[in-house]
Amino acid sequence: MQLLKPGQLALAYFLTISTSGVYAGESEDKLIDKIVAAYGGDKLLSAKSLNFKEQGKNFLRGQSTSPEKTDILGYSASLNIDYENKRKSFRQASGSNALIFLKEQFFDGEKGYQIDHIDKSVSIDASVKYDNFANFFSYKVDTILVQMINQARDSAALKEQVLYRGKVHHKISFKSKGYPELTLFIDPTSGLISQMTRAYNQTGKLRVYEFSNYKQQDAVYYASNTYYTSQGLPVSMTTSRSLVINNQSDAVYQTPKGYGASKDEIDSAKMNVKKLADGVYHAGQGWGFSIFVDMGEYFVASGSYHQLTQRFTAMKAYSGIDKPLKYQVVTHHHQDHQRGLKEAAKLGVKFITVQQHVAKIREQTQQALGDDRFLLVDGLGSFFENRLQVIDVETSHSQHNLISYFRETKIAFSADHFYSRQKSGAPKGDPDLKRIRDKLAAHHLDVDHFAAAHSPRLLSADDLQQAILQMQPVSCPLGWDICSQ
Ligand SMILES: [Zn+2]
């Protein structure tokens, strides 16, 4: 027998400790068994299908109508899971009758589909899969989390117990296919999930889902209230939820009658620069585009999605014009449209905006910008000897939307109200677009073409008229049972 040297002894000791981890695995299994039993055991595991319906409120901060306010938007949603045929379907109606937003997608066992109820069209979407289908909804439903941890037992790891709502809770983490690591807080008495957390990003901040008001249907349990916060701020609140087991129709996995294939989309994956007119360039990729207009000594731009610098650099390379960017028109205060403002500030621009958005711009740029860095628009602003006119339109989207009109070329640039990502055809209009058209007319701004922040496509004045002609009130689609709730 070989003698153990001190180092080897330490190694042997360490091995004993880590072997005891196997026993820890057993208690993870025991805890998962307890959770599954609390939620109905075999009744849950043998369910052929589940249908969760819920009503709730979403809190809009980055996308509210004013930077000073958090808006609230009611919604009604339904998720169907068909375990036998590996199908899932999701429907959601949010807003009110005057302004209703519809979302529908399903996975029919083979392919994922997106339904556009405004266009009355259907598109196949490879990103819609069975495993992580409507994950934003699944996170909110404790019963679905139970099924997930039960299937991902091998990945489960017990954490130190924590005091939660005055009671010491078990804490267990796991990782399901297509999901980030999730951590559950388990009530030791009932075995029910009190809370789920997942990472917000790498900085240690959390997204937190708190469950309460548990109910049961055919002995399967679920929380009827979920409160969801991200980095401590409210995102959504489920005010009621119901469950139906083993009863669903095929209709939720079929495309609506009379809906056609959606039109071809423009491929905008790569950076693309276009010359729209003399000295006028449109550059961008994905969902972020900017207009750059040569004013002689410098450029003026609008559209401030992130990667503004990349677009500016690509435009200068394409045009061969090397002049500084001196002015940036800020379309509105929404978070996604402000991610490029820090870059703009770094480039040394002056911001053209409304008084109401100055504080938000300062916050976004993380710089102590002096008042001289802002040119303010009050209704209508004229700049550079009238070569640029900026009009402010209030819509349901934002109290202030700035549209840039370049007089010499009759080109306008806007953000969220008038664009198409399809290769042809006019988009469908809405009352906000009509407001914009009327405002342009009231100021006698004769626009020939419209460029936008969300598409490489240039739309025409005819497209605008067509869009408004095609305008139709959005109503609840036939056969939806969630709208009346
Ligand atoms: Zn917006």
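Residues numbered from 1 in each chain as written. Predicted model: local features only at pLDDT ≥ 70, side-chain atom pairs only at ≥ 80, totals over all residues. Heavy atoms only, no water.

## Observations concerning the overall build of the chain
So, step 1. Along its length, the chain carries 9 helices and 27 strands.
So, step 2. Counting only C-alpha atoms and orienting by the principal axes, one finds that the chain spans roughly 90 × 65 × 40 Å.
So, step 3. Of all 485 residues assigned to the chain, the portion counted as buried reaches 48%.
So, step 4. Across the chain, the fraction of contacts at a sequence separation of at least 24, relative to all contacts at a separation of at least 6, is 55%.
So, step 5. Total accessible area on the chain stands at roughly 23800 Å², and carbon and sulfur atoms take up 50% of it.
So, step 6. Side chains of the chain give 57 positive and 51 negative charges; the mean places of these two sets differ by 2 Å. (Helix = DSSP H or I, 4+ residues; strand = E, 2+ residues; numbered from the N terminus. Buried < 20%, exposed > 50% of the residue type's maximum accessible area, 1.4 Å probe, protein only. Contact = heavy atoms within 4.5 Å. Areas by Shrake-Rupley, 256 points an atom, 1.4 Å probe, with all protein chains shown as cover. Lys, Arg positive; Asp, Glu negative; His and termini not counted. Charge placed at Lys NZ, Arg CZ, Asp CG, Glu CD.)

## Details of the state of the cysteines
So, step 1. According to the stated counting rule, one finds 1 disulfide in the structure shown.
So, step 2. Between cysteine 476 and cysteine 483 runs a disulfide, and the two sulfur atoms are separated by 1.7 Å. Of note, the bridge from cysteine 476 to cysteine 483 carries an S-S torsion of about 75° and is right-handed in sense. (Disulfide = S-S within 2.5 Å.)

## Quick word on the packing of helix H8 (residues 431-442) against helix H9 (residues 461-469)
So, step 1. Their axes nearest at 9 Å, the elements H8 and H9 cross at an angle of 140°. The angle between H8 and H9 places the two elements in the oblique class. Note that H8 runs across H9; the crossing there is left-handed. Only Leu464, Gln465, Ala467 and Ile468 of H9 make contact with H8, whose side of the interface consists of Leu433, Lys434 and Arg437. (Axes fitted to C-alpha atoms, helices over the stretch in contact; angles between N-to-C directions. Parallel < 35°, antiparallel > 145°, perpendicular 65-115°, else oblique. Left-handed = near helix turned anticlockwise from the far one by under 90°.)

## Notes on the domain arrangement of the chain
So, step 1. According to the domain assignment, the chain consists of domain 1 (23-261) and domain 2 (272-469).
So, step 2. Residue-level contacts link 10 residues of domain 1 with 13 residues of domain 2.
So, step 3. With both chains or domains summed, domain 1 and domain 2 bury close to 960 Å², and 47% of this area falls on carbon and sulfur atoms.
So, step 4. Per-residue buried area on domain 1 facing domain 2 is highest for Gln63, Thr65 and Pro67; these three make up 49% of the total on that side.
So, step 5. Scanning the region where domain 1 abuts domain 2 turns up 0 salt bridges.
So, step 6. In this assembly, domain 1 and domain 2 are joined by 8 residue pairs in polar contact (both at pLDDT 80 or more).
So, step 7. Class assignment of the residues belonging to the side of domain 1 that touches domain 2 gives a composition of 3 nonpolar, 5 polar and 2 charged. (Domains from an automatic or database assignment. Buried area = accessible area lost by both parts, 1.4 Å probe. Salt bridge = Lys/Arg side-chain N within 4 Å of Asp/Glu carboxyl O. Polar contact = N/O pair within 3.5 Å; in protein donor to acceptor, adjacent residues only side chain to side chain. Nonpolar A, V, L, I, M, F, W, Y, C, P; charged D, E, K, R; others polar.)

## Things to note about the coordination of the zinc ion
So, step 1. Coordination of the zinc ion by the protein comes from His332 (NE2), His334 (ND1), His397 (NE2) and Asp416 (OD), over a distance range of 2.0 to 2.3 Å.
So, step 2. Counting gaps between the donor residues of the zinc ion yields the pattern H-x1-H-x62-H-x18-D. Taken together, the positions of histidine 397 in the loop between strand S23 (388-393) and strand S24 (401-406) and aspartate 416 in the loop between strand S25 (411-414) and H8 put the pair 19 residues apart, joining distant regions of the chain. (Donors = N, O, S within 2.8 Å, 3.2 Å for Na, K, Ca; no water.)

## A word on the sheet that holds strand S27 (residues 459-460)
Consider a sheet: its strands pair through backbone hydrogen bonds, and that pairing is either parallel or antiparallel.
So, step 1. Reading across the sheet, the 6 strands line up as S22-S23-S24-S25-S26-S27 and stay open at both edges, with mixed pairing between neighbours. A strand with exactly one partner marks an edge of an open sheet, and here the two such strands are strand S22 (380-383) and S27.
So, step 2. As paired elements, S23 and S24 share 6 bridges and run antiparallel to each other. Counterpart to aspartate 392 in the pairing with S24 is leucine 402.
So, step 3. The strands touched by H8 are S23, S24 and strand S26 (449-452); relative to S23, the strand with the most contacts, the crossing angle is about 135°. (Pairing = 2+ DSSP bridges.)

## Some remarks on the nonpolar core
So, step 1. By size, the foremost hydrophobic cluster in this structure holds 47 residues, and its most contacted members are Leu184 and Ile193.
So, step 2. Once you skip the residues sitting within four places of it in the chain, isoleucine 193 turns out to touch Ile35, Tyr39, Asp142, Leu145, Val146, Leu184, Phe185, Ile186, Phe211 and Tyr214.
So, step 3. Of all hydrophobic cores here, the second largest spans 24 residues; its members include Val300, Tyr327, Leu388 and Ala453. (Core = buried A, V, L, I, M, F, W, Y, C linked by side-chain atoms within 4.5 Å.)

## Let's talk about unusual backbone geometry
So, step 1. Positive phi outside glycine occurs at lysine 120, with the angle close to 50°.
So, step 2. If you trace the backbone, lysine 120 turns up in the loop between strand S5 (112-116) and strand S6 (121-124).
So, step 3. The exposure class assigned to lysine 120 is partly exposed, which follows from its relative accessible area of 42%.
So, step 4. At asparagine 213, a position not held by glycine, the phi torsion is positive, near 55°.
So, step 5. With respect to the secondary-structure elements, asparagine 213 resides in strand S11 (residues 206-217).

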